[in-house]
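Close look at the chain arrangement
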Number of protein chains: 2
Amino acid sequence: MPYPYKKMTQEDFDKIIEITDNERVWVGDEIAKEYYKDEMPEYGVFPPELYVEVLNKEEVSEIMKYAYEQNIPVVCRGAGTGLAGGATCKYGGIMLSVMRMNKIFPVDHKNQTITAQPGALLIDIQAAAKEEGLFYPPDPGEKTASIGGNVITNAGGMKAVRYGLTRDFVRCIEAVMPDGSIMNFSSNVVKNTTGFDVKDLVIGSEGILCILTEVTLKLLPAPTCSSTLVMPFRSLEECADMVPKVLDLPFVPTAIEFLERELIDIVERSLHKLFPVKHGEAVLIVMYDASSKEELDRAVEAAAEAALENGALDCNIAGTPERAASVWEVRGAILEGMKADSVAQEECDVVVPRSEIAEYVKQAKKIASAHGIRVEPCGHCGDGNIHTEMLRGPEMSDEEWKKATHESLTELYALSKKLGGQLSGEHGIGNGRLDFLEEFAGPRMIELYKSIKRAFDDKLILNPGKMIKIDEN
Amino acid sequence: MPYPYKKMTQEDFDKIIEITDNERVWVGDEIAKEYYKDEMPEYGVFPPELYVEVLNKEEVSEIMKYAYEQNIPVVCRGAGTGLAGGATCKYGGIMLSVMRMNKIFPVDHKNQTITAQPGALLIDIQAAAKEEGLFYPPDPGEKTASIGGNVITNAGGMKAVRYGLTRDFVRCIEAVMPDGSIMNFSSNVVKNTTGFDVKDLVIGSEGILCILTEVTLKLLPAPTCSSTLVMPFRSLEECADMVPKVLDLPFVPTAIEFLERELIDIVERSLHKLFPVKHGEAVLIVMYDASSKEELDRAVEAAAEAALENGALDCNIAGTPERAASVWEVRGAILEGMKADSVAQEECDVVVPRSEIAEYVKQAKKIASAHGIRVEPCGHCGDGNIHTEMLRGPEMSDEEWKKATHESLTELYALSKKLGGQLSGEHGIGNGRLDFLEEFAGPRMIELYKSIKRAFDDKLILNPGKMIKIDEN
């Protein structure tokens, strides 16, 4: 507890139990170890002093009022599927789980929206929309994430090319401030110029500004059909050069991903899933959604024609759901495949301008191999968000691996900056990329981030030490 | 100068001339009166102490450094076409015009973006994109607005239903902070979770956080054809009820506007422009864009069918540009028509959930007429942004008009809040809606707005007294 936070006492435990319920509060060693970390234990393992499962915004508000008064840090937790070490109690204090606040309210057809509590699962929101003939497009890989977590990290995913990010689907937010005030940021309206756009500032703020207690999400009419094209190329450069050509066509693709042959081999070898296209050093996977078969056919035809004109070895059309599944299964199994194929992994989640994808990938490989690391870049080609996966071989010592990854990451972030990119496209900063953010953003921007943090959280009690460092003493 | 700002001296004038150029600085009475106000002199007429036309970000930075050190307020000004009394020197000081910073850089095809300085006109950006076969969709009524003004107020417009607002097209921003620091908020990337989303906070911040010096905007492939449908209904309720039906169809409309017969009559009578549809108490105007004739035909057919099934008296299809123009000309001439038909006007720019449009309009008319005011609601039905235009008859005294509009606005904002709406959909707060915002947002939100303002502008020198009041003494 380096910053003057209070070490929790029995009196504090009793107070939280009084606000909530004995059955929903755990302290000290009673707290399950899974709550010490998120999906990336590499980014920190920290035991909370108290773990509480809240039922409603009033409980959240009462807990925050008490924590604010007593100077106790609070970390809100959803499903814990984050990849940045964000939802952990770095400075001890209270872990406040919203997973029992998982109500999904009936779809509002007149406004084409759905409202849910933060603990509702993404997969359940998608299903609830679908049942009513509507569609919630954001589609990050992790379907058992909570919607609150998706909103507070601005989750991305494969379909961002056409539909955008989680941000683009958040109509309004209800949240509790560090001092316990319950606030509404915007309402169920399509546009708004009433004061500052606090809603968008809160989206992606990684739980350091306020605690979400309800979100209202925009839905779309569901597309009625979709098709996936696989375009094999001789080289990654040709593959990357195809991206702007696809985006220039009058049909907006839903997803554009790329895979190199080596990565396909890993998934085939480690997981025995077969990729339907056997040739080409790099393949571009392009997906289209449409509201009619005719529209879909025109899009697919135009894309296939453009592919062949621009050096694709051929163009495979996975027009049925089964054939498309065989493509997307391999894409979806990359992380699992790499885990099976290496001792440990580290990941770099930069986003670069679309025009710089090929250059980034080429140089990223050089950087990693100069540090003796096997690297597999893959990811969201359509939006320039390249996941550079670094794989640890059995021959590397802990120290060698740590040093090599740290040096590679430093150079990769510098490369991204040089190419006009950003540090993180969708995984965020959390605890794992703190130092890198300071370096990347520079002192004036960090100063501004700190001022913004203080504008919401003057006592620095909300998820302290994440995204920006606490340097108060 | 109630807040301790410095009254400018000859030394200050000399310093600004030294930073810039004698030919681009005016002081005191030399300053043209048009710079005392925006398009709404009702919302304040304030003479600057010094007016300067800057050429680049370095000049902006130097001026801000000096103003910060000397405690001199600065207001950035674009084309001055705002409707909220925003771009005026309420506390004197420096008016900094960016209208000579009007470069538009060549379209970046690989990233599908265009970069421009803040003084570039919207109309010129639209034309530059079009020349390259691309499309910048935001389309607020005022085409001679500057792009910087559009971004800093998050300008809306008619095509928001399909394409969204200015916000949705801003990739990144370069800006100067009150202390003179030059900052980049995001870069030319499609997604970003690197620190706080400052870019979106700045968009719509009405010039009170920083001064824009460059913006990069997303472009889309241009649609190749479009069509406009006019659906006359017996009543406004039937007309409003049609809106969610249109939005439920699998084709996303570009614009959905409504007009009541009385308003059409005003435009026909005052401006001698003829509206092509003569019957119906209220008409819904629906526009579709498409990338092919077939897609357009399917959209138009589905909408026409839905209209006739839901009580439209008929459905006129303005399929040629000329016929569509005759519809949109009348829509575009509303403000002019009302000006010709009344002594003065006041306007309420609320946005309500789409589901509440009919209820809002019905009650808005009751409220205005209870205060003896003729009212004409019209506007962006597709996004719930209703412009409630209040018209002053020749019989009302200044005092009666002022009292009646103030009381009506108070009730209209309360009505919007009750219906889940917001105070302003697209015109913003500026100087004209300050008191109303305090009432609408409530003390905790205003406190948060002030903290955010201070996080950027600790000396409160940037466009002071706009959006939020300055209460320091």
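Per an unreviewed UniProt entry, chain A carries the name Dehydrogenase and comes from Anaerostipes hadrus. Per UniProt, chain A has the following entry under Cofactor (unreviewed entry): "FAD".

Attention now goes to the domain arrangement of chain A. Residues and elements named next belong to chain A. Taken domain by domain, chain A comprises domain 1 (10-99), domain 2 (113-221), domain 3 (225-335) and domain 4 (342-433). Relative placement of domain 2 and domain 4: their C-alpha centres are 28 Å apart. At the junction of the two partners, domain 2 supplies seven residues and domain 4 supplies eight residues. For the pairing of domain 2 and domain 4, the buried interface totals around 520 Å² over both sides, and the portion due to carbon and sulfur atoms is 45%. At the boundary of domain 2 with domain 4, the tally comes to zero salt bridges. At the boundary of domain 2 and domain 4, one finds three residue pairs in polar contact (both at pLDDT 80 or more). Across the side of domain 2 that touches domain 4, the residue classes tally to three nonpolar, three polar and one charged.

Turning to the relation of the copies chain A and chain B, a few remarks are in order. Rotating chain A by 180 degrees and translating it 0.0 Å along the rotation axis places it on chain B, where the RMSD comes to 0.0 Å. Accordingly, the operation relating the two chain copies is best matched by a two-fold axis. When the interface residues of chain A are mapped onto chain B, 100% of them are again interface residues, pointing to one common binding face.

All names here are of chain A. Pairing is antiparallel in the open sheet, where four strands are placed in the order S5-S9-S7-S8. Of all the strands in the sheet, the pair left with one neighbour each is strand S5 (113-116) and strand S8 (182-185). The average angle at which neighbouring strand axes cross in this sheet is 15 degrees, direction not considered. Two elements, strand S7 (residues 170-176) and S8, share four bridges in a ladder whose sense is antiparallel. Pairing of Val176 across the sheet is with Ile182, part of S8. Of the strands in this sheet, S7, S8 and strand S9 (211-218) touch helix H2 (residues 57-70), which is tilted by about 50 degrees from S7.

For the rest of this paragraph, the subject is the sheet that holds strand S4 (residues 94-97) of chain B. Residues and elements named next belong to chain B. With respect to topology, four strands assemble into an open sheet ordered S1-S2-S4-S3, the strand pairing being mixed. Two strands close off the open sheet at either side, each with one partner strand: strand S1 (25-27) and strand S3 (74-77). Averaged over all adjacent pairs, the angle separating strand axes in this sheet is 20 degrees, with direction ignored. Judged from the four bridges that link them, strand S2 (residues 50-53) and S4 form a sheet pairing that is parallel. Paired with Tyr51 across the bridge in S4 is Met95.

Bringing the pairing of S2 of chain B into the picture now. Residue and element names in this part refer to chain B. Burial of S2 is two-sided: the residues Leu50 and Val52 facing one way and the residues Tyr51 and Glu53 facing the other way are all buried. In terms of strand pairing, S1 meets S2 through three bridges, oriented antiparallel. By the bridge assignment for S2, Trp26 is matched with Tyr51.

Once that is clear, we can look at the nonpolar core. In this structure, Leu284 of chain A together with Leu284 of chain B are the most contacted members of the largest nonpolar core, which totals 201 residues. Not counting chain neighbours up to four residues away, the residues in contact with Leu284 of chain A comprise Leu229, Val230, Met231, Phe233, Cys239, Met242, Val243, Val246, Ile256, Glu257, Phe258 and Cys381 of chain A.

Before going further, it helps to spend a moment on the interface of chain A and chain B. In this complex, chain A contributes 81 residues to the contact, which on the side of chain B involves 81 residues. A salt bridge links Asp197 of chain B to Arg167 of chain A, with the nearest nitrogen and oxygen atoms 2.9 Å apart. When contributions to the side of chain A that touches chain B are tallied by element, the ones reaching two or more residues are S8, helix H6 (198-202), helix H7 (236-248), helix H9 (293-309), helix H14 (434-441) and helix H15 (443-456) of chain A. Top contributing element to the side of chain A that touches chain B by residue count: H15 of chain A, with nine residues.

Procedures and definitions
Residues numbered from 1 in each chain as written. Chains lettered and ligands numbered in written order. Predicted model: local features only at pLDDT ≥ 70, side-chain atom pairs only at ≥ 80, totals over all residues. Heavy atoms only, no water. UniProt positions renumbered as here; feature names shortened; annotations may be inferred. Domains from an automatic or database assignment. Contact = heavy atoms within 4.5 Å. Buried area = accessible area lost by both parts, 1.4 Å probe. Salt bridge = Lys/Arg side-chain N within 4 Å of Asp/Glu carboxyl O. Polar contact = N/O pair within 3.5 Å; in protein donor to acceptor, adjacent residues only side chain to side chain. Nonpolar A, V, L, I, M, F, W, Y, C, P; charged D, E, K, R; others polar. Least-squares fit on C-alpha atoms with pLDDT ≥ 70 in both. Pairing = 2+ DSSP bridges. Helix = DSSP H or I, 4+ residues; strand = E, 2+ residues; numbered from the N terminus. Axes fitted to C-alpha atoms, helices over the stretch in contact; angles between N-to-C directions. Buried < 20%, exposed > 50% of the residue type's maximum accessible area, 1.4 Å probe, protein only. Core = buried A, V, L, I, M, F, W, Y, C linked by side-chain atoms within 4.5 Å.

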